[in-house]
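Here are the chains, one letter per residue:
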Amino acid sequence: MLMLSSVLVLLCGCSGGGGSAPSAEEEPNPDPTTGFVPENPGEDPSPDMIPVDELDRLFPNLPPDPGEAGKQTLEGIDADGDGVRDDVQRWIYRRYPNDELKRKAMLRYAKALQASIVNVDRDSRDQVRARVLDGFRAIRCARLAFGGANEFDLIDEVAEARREVQFQMLNTQERVIADLTVDAKFSGQVVGAEEWTCTDPIR
């Protein structure tokens, strides 16, 4: 689920990665040595999104952008306590302003990634495994939210959405290091397909 890449390239680390330009979404791979490696490290893969002022008009109850203060700690700032950093939450709303199901799917995935990286130093291997599987399940459920016929339906848009969220999540050296630590603790574990089915579809 996680990549092994240079810690010095801050924006390359990505939990649950796909390819740099996937033609189809790949199944999450329990082998953490396979992961997202962008063609141009440091280049944001995200498309154009709605302007910030439009975001604030459409969603006035979103927490404010924490700015650089949100990068000062591993946890960042989560003013509304929903388990997703405020900067990432706002990004997801800007990316999917007109599709609630897609927003919910990517918020669920971001929440799983956040839990993995902020708890990794105190988590046992079993706890890391459980959190990684939460991320796998989030992607399975995202396939349904993005219009898939079932949770096994490989969808390019889900692969791209996952890449984009990963880029936003791992935006400091400390977060990349935490991501690599999750990678190391998860490495070598065998995961059965039945362990990460979508048991809670997004509605």
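Throughout what follows, the structure given in this document is the object of discussion. (Residues numbered from 1 in each chain as written. Predicted model: local features only at pLDDT ≥ 70, side-chain atom pairs only at ≥ 80, totals over all residues. Heavy atoms only, no water.)

### What about the overall build of the protein chain?
Here is step 1: Each helix and strand counted, the protein chain has six helices and zero strands in total.
Here is step 2: The 203 residues of the protein chain split such that 48% are buried.
Here is step 3: Relative to all contacts within the protein chain whose residues are 6 or more apart in sequence, the contacts with residues 24 or more apart total 74%.
Here is step 4: For the protein chain, the accessible area works out to roughly 9200 Å², and carbon and sulfur atoms hold 49% of it. (Helix = DSSP H or I, 4+ residues; strand = E, 2+ residues; numbered from the N terminus. Buried < 20%, exposed > 50% of the residue type's maximum accessible area, 1.4 Å probe, protein only. Contact = heavy atoms within 4.5 Å. Areas by Shrake-Rupley, 256 points an atom, 1.4 Å probe, with all protein chains shown as cover.)

### Concerning the packing of aromatic side chains
Here is step 1: All chains considered together, the criterion is met by four aromatic pairs.
Here is step 2: Plain terms: the ring middles of F59 and Y93 are 4.8 Å apart, the flat faces sit at 80° to each other, and that makes the pair edge-to-face. In this pair, F59 sits in the loop between α1 (52–58) and α2 (86–95) while Y93 sits in helix α2, placing the two residues 34 residues apart along the sequence.
Here is step 3: For F59, a relative accessible area of 16% puts it in the buried group.
Here is step 4: We classify Y93 as buried; its relative accessible area is 16%.
Here is step 5: Measuring from centroid to centroid gives 5.2 Å for F136 and W196, while their planes differ by 65°, and the two rings are edge-to-face. With F136 in helix α4 (residues 125–145) and W196 in the segment after α6 (173–186), this residue pair connects regions lying 60 residues apart in the sequence. (Phe/Tyr/Trp six-rings, centres within 6.5 Å; stacked < 30°, edge-to-face > 60°.)

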